[in-house]
Amino acid sequence: MPEQSYAPIVDGDFWQDAGPAEFVVTNPATGESLGRETECDTSAVGRIVESSKRAFQQPTWQKMSAAERGRMLLKLADLVEQNAEELVQTELQDTGKPVTQLRAGELPLTADIIRFYAGAADKIEGSIKSGTPGEVLMQMYEPYGVVAGVLPWNYPLVNAALKAAPAIATGNAIVLKPAQETPMGTLAFAKLCIEAGIPPGIVNVVLGSGSKTGQALIEHPDVSKISFTGSTAVGTHVQKTAANQMKMVNLECGGKNALIVFADADLERAAEAALLSGFVNAGQLCVSCSRVLVESSIAAEFETLLTQRASKIVMGNPQDETTLVGPMITRAQYDTALRYLDEALNSECRILAGGSAATMAAPCEHGNWIQPTLVSGVQPGMKVHDEEIFGPVLSVVHFADEAEAISIANSVSYGLSGSVWTRDGSRALRVSKALDTGICWVNTMLSGYPQISLSPHKLSGTGVELGMEGMRAYLKRKSIVIGI
Ligand code: TAP
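The shown structure was predicted, so the numbers you read here are calculated from the model rather than taken from an experiment.

**Quick look at the overall build of the protein chain**
Then, number 1: Along the backbone of the protein chain there are 16 helices and 23 strands.
Then, number 2: For the protein chain, whose C-alpha radius of gyration is 23 Å, the value lies close to the compact-globule estimate of 23 Å for 484 residues.
Then, number 3: Taken over the C-alpha atoms alone, the protein chain extends approximately 70 × 70 × 40 Å along its principal axes.
Then, number 4: Within the protein chain, the fraction of its 484 residues that count as buried is 53%.
Then, number 5: At a minimum sequence separation of 6, the contacts of the protein chain that also span at least 24 residues come to 71%.

This is how it looks when you write it as structure tokens:
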């Protein structure tokens, strides 16, 4: 069978000879090659951005009503659902994510996000303000033009929808740049955009590494806005690059989130949530809580609950419906997680479960597998506590009282999410407000809704994604003063 090749999408079609195809895309669960991916150089990126600019300027796009853009997005959401199983299998191969998490999580959320922005397309409102009697002041919103959407590898499909749907709803054109490891979901998404009737060139895809292709995209003078999701290190670099050309940026970056369990909480439910949060997608989820902060008076009881449940977690072939924990996306990510585990092992921490790489049976014997790991005795200041590992490593930290819980939770440089577990309503609200994070769940965890905005705090990013505010992030402001 000929080797599969992945090529960028421009003007509604694959561009087969856009550049050399040296990068091998790998199934992280099995280590098998899935084909080779083209790398777009600066000139290929230039041609693709030119196509996006042309598509944006086309009278058909410029004159299209917001309602019509909404109808196209509705069609796209329907197509995502009609092709759900194919998309599930594509993402499963490319990311190693367990099939149940794809079917119950990523796919429905992708369709929900697209549908939310379909409905929002004709709800962009400007305003009229009072001036002197001789002048009328108008404030309105306009699309930027060509937007760059730079995506991470952990949730390629959701992230493509998160960026493309509001961009289309607001009348922009978007160039998506998936992570080099995971091109397949983004390409499938862009093909569905064409099928939904979205004009060719409005959703283009560049392929290649961040340092070459991504850099060329964010530096391109015709890209007016950048929406980036990825690590804080790269996000900071993107922001600095954008500053040179005064481009607007949205950055959704790393997290080191805390789930806080008070003594009065429903401990069974809290333990269940903590493990799910720490180990879903093998811990490779920005909003998951990789720190469990437990009130000292119930710490021993809670750790027993965690340990008992952890022993029942199924890690294995992502195709199996019982699998909760899949592989690390790459060897590099696997090595990073193991380095953190070594440090924990060499400190005063105690390993309650897991603690090392995992040996798997065929067909997963060549994948990047790490046991779901519970580490207790973790303290602020330790790397395992302070730094984002992005692997299946859940740290348990003890606290004496509410003030200490808040202080430990906020002691890290990130501020993405948090979760509070208590039966005391006042405390739940007090602690939620005190956490310096973009989102906080109370007695629940990880639920995501398109209608709720996520605005990261501290080094977790800047700007806003999702909700109506997430749509306005794709619009620039324009004021007009009319003398009457
Ligand atoms: P990164 O290594 O930062 O990569 C993110 C994207 O940026 C990739 O497409 C990457 O390309 C590209 N990139 C790298 N260098 C670039 C450059 N100089 N110019 C333009 N683009 C460049 O992150 P990752 O490892 O894919 O994802 C994991 C991180 O994403 C974690 O920190 C996680 O917390 C974060 N994340 C955050 C959120 C939210 S909502 N806050 C959601 C998901 C993930 P290549 O990979 O192809 O080189």
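Don't stop here, the text continues.
**Description of the nonpolar core**
Within soluble globular proteins, side chains that are nonpolar generally end up buried alongside one another.
Then, number 1: If you look at the biggest cluster of nonpolar residues, it comprises 153 residues, and the most contacted ones within it are Leu73, Ile114, Tyr117, Ile260, Val261 and Leu293.
Then, number 2: Top element by residues in this core is helix H6 (residues 156–169). It accounts for ten residues.
Then, number 3: Ignoring sequence-local partners within four residues, the contact set of Leu293 consists of Ala258, Leu259, Ile260, Val261, Val397, Phe399, Ala405, Ile408 and Ala409.

**Details of the site of the ligand**
Then, number 1: Close to the ligand lie 31 residues; Pro152, Gly210, Gly214, Gly230 and Cys286 are nearest.
Then, number 2: Going through the elements one at a time, helix H8 (210–219) and helix H9 (232–244) are the ones with two or more residues in the shell around the ligand.
Then, number 3: For the shell around the ligand, the element with the highest residue contribution is H8, accounting for five residues.
Then, number 4: Considering only residue class, the shell around the ligand consists of 13 nonpolar, 15 polar and three charged.
Then, number 5: For the shell around the ligand, the domains that each give at least three residues are domain 1 (5–253 + 460–479) and domain 2 (258–442).

**Some details on the sheet that holds strand E20 (residues 439–442)**
Then, number 1: Spatial ordering of the open sheet is given by E15-E16-E17-E14-E13-E19-E20, a layout of seven strands whose pairing is mixed. Each edge of the open sheet carries a strand with a single partner, namely strand E15 (350–353) and E20. Across the sheet, the mean angle separating the axes of adjacent strands is 20° when strand polarity is ignored.
Then, number 2: The pairing of strand E13 (residues 258–261) with strand E14 (residues 291–295) spans four bridges and is classified as parallel. Its bridge partner being in E14, Ala258 is matched across the sheet by Arg291.
Then, number 3: Here helix H10 (residues 267–279) sits on the sheet and contacts E13, E14, strand E17 (393–399) and strand E19 (417–421); the angle it forms with E13, its principal contact strand, is near 170°.
Then, number 4: Sheet strands touched by helix H11 (residues 299–310): E13, E14, E15, strand E16 (373–376) and E17. Its angle to E15, the strand with the most contacts, is close to 50°.

**Some words on the packing of helix H14 (residues 402–409) against helix H15 (residues 425–434)**
Then, number 1: Where H14 contacts H15, the axes come no closer than 10 Å and their chain directions differ by 30°. It follows that H14 is roughly parallel to H15 by the angle criterion. For H14 against H15, the interelement crossing comes out right-handed. Residues Glu402, Ala405 and Ile406 of H14 form the contact with H15, whose participating residues are Arg427, Val431 and Ala434.

**Examining the sheet that holds strand E4 (residues 23–26)**
Then, number 1: Reading across from one edge, E1-E5-E4 is the order of the three strands in this open sheet, with mixed pairing throughout. Looking at the sheet topology across the chains shown, the edges are occupied by strand E1 (5–6) and E4.
Then, number 2: Across two bridges, E1 lies against strand E5 (residues 33–37) in parallel orientation. Residue Tyr6 lies in a different strand from E5, and its bridge partner there is Glu37.

**Describing the UniProt feature "active site" (unreviewed entry) in the protein chain**
Then, number 1: In the numbering used here, UniProt assigns the "active site" (unreviewed entry) feature to Glu252.
Then, number 2: Note on placement: Glu252 falls in strand E12 (residues 248–252).
Then, number 3: Excluding residues within four positions of it along the chain, Glu252 makes contact with Thr229, Pro456, Gly461 and Glu465.

**Some words on unusual backbone geometry**
Then, number 1: Residue Ala362 is joined to Pro363 through a cis peptide bond whose omega torsion reads 10°.
Then, number 2: Looking at where Pro363 falls in the secondary structure, it is placed in the loop between E15 and E16.
Then, number 3: Of note, Asn443 is a non-glycine position whose phi angle comes to about 55°, a positive value.
Then, number 4: Mapped onto the fold, Asn443 is located in the loop between E20 and strand E21 (457–458).

**Structural notes on the pairing of strand E11 (residues 223–229)**
Then, number 1: Taken across its seven residues, E11 has seven buried, putting it largely inside the fold.
Then, number 2: Examined bridge by bridge, strand E8 (residues 146–150) and E11 share five bridges and lie parallel to one another. Looking at the pairing, Val146 lines up with Val223 of E11.
Then, number 3: Two elements, E11 and E12, share five bridges in a ladder whose sense is parallel. Looking at the pairing, Phe228 lines up with Leu251 of E12.
Then, number 4: Crossover E11 to E12 through H9 is right-handed.

**Examining the UniProt feature "domain: Aldehyde dehydrogenase" (unreviewed entry) in the protein chain**
Then, number 1: The sites that UniProt annotates as "domain: Aldehyde dehydrogenase" (unreviewed entry) are residues 15–480.
Then, number 2: In this annotation, residues 15–480 is assigned 40% helix and 20% strand; the end-to-end C-alpha distance for the span is 42 Å.

**Some remarks on the domain arrangement of the protein chain**
Then, number 1: Partitioning the protein chain into domains gives domain 1 (5–253 + 460–479) and domain 2 (258–442).
Then, number 2: Averaged C-alpha coordinates put domain 1 and domain 2 at centres separated by 31 Å.
Then, number 3: Facing 16 residues of domain 1, the contacting portion of domain 2 comprises 24 residues.
Then, number 4: Of all elements in the fold, only helix H4 (84–95) and helix H5 (99–120) reach the threshold of two or more residues within the side of domain 1 that touches domain 2.
Then, number 5: Considering every element that reaches the side of domain 1 that touches domain 2, the biggest residue donor is H5, with three residues.

**Focus: H14**
Then, number 1: Among the residues making up H14, those that are buried are Ala405, Ile406, Ile408 and Ala409. Buried residues of H14 fall within an arc of 165° about the axis and therefore sit on the same side.
Then, number 2: Elements that come into contact with the buried residues of H14 comprise E13, E14, E17, E19 and H15.

Rules of the game
Residues numbered from 1 in each chain as written. Predicted model: local features only at pLDDT ≥ 70, side-chain atom pairs only at ≥ 80, totals over all residues. Helix = DSSP H or I, 4+ residues; strand = E, 2+ residues; numbered from the N terminus. Rg over C-alpha atoms; globule rule 2.2 N^0.38 Å. Buried ≥ 20, exposed ≤ 12 C-beta atoms within 10 Å, placed from the backbone. Contact = placed C-beta atoms within 7 Å. Core = buried A, V, L, I, M, F, W, Y, C linked by C-beta atoms within 7 Å. Near = placed C-beta within 6 Å. Nonpolar A, V, L, I, M, F, W, Y, C, P; charged D, E, K, R; others polar. Domains from an automatic or database assignment. Pairing = 2+ DSSP bridges. Axes fitted to C-alpha atoms, helices over the stretch in contact; angles between N-to-C directions. Parallel < 35°, antiparallel > 145°, perpendicular 65-115°, else oblique. Left-handed = near helix turned anticlockwise from the far one by under 90°. UniProt positions renumbered as here; feature names shortened; annotations may be inferred. Right-handed = clockwise from strand over helix to strand, strands pointing away. Arc of directions from axis to C-beta.

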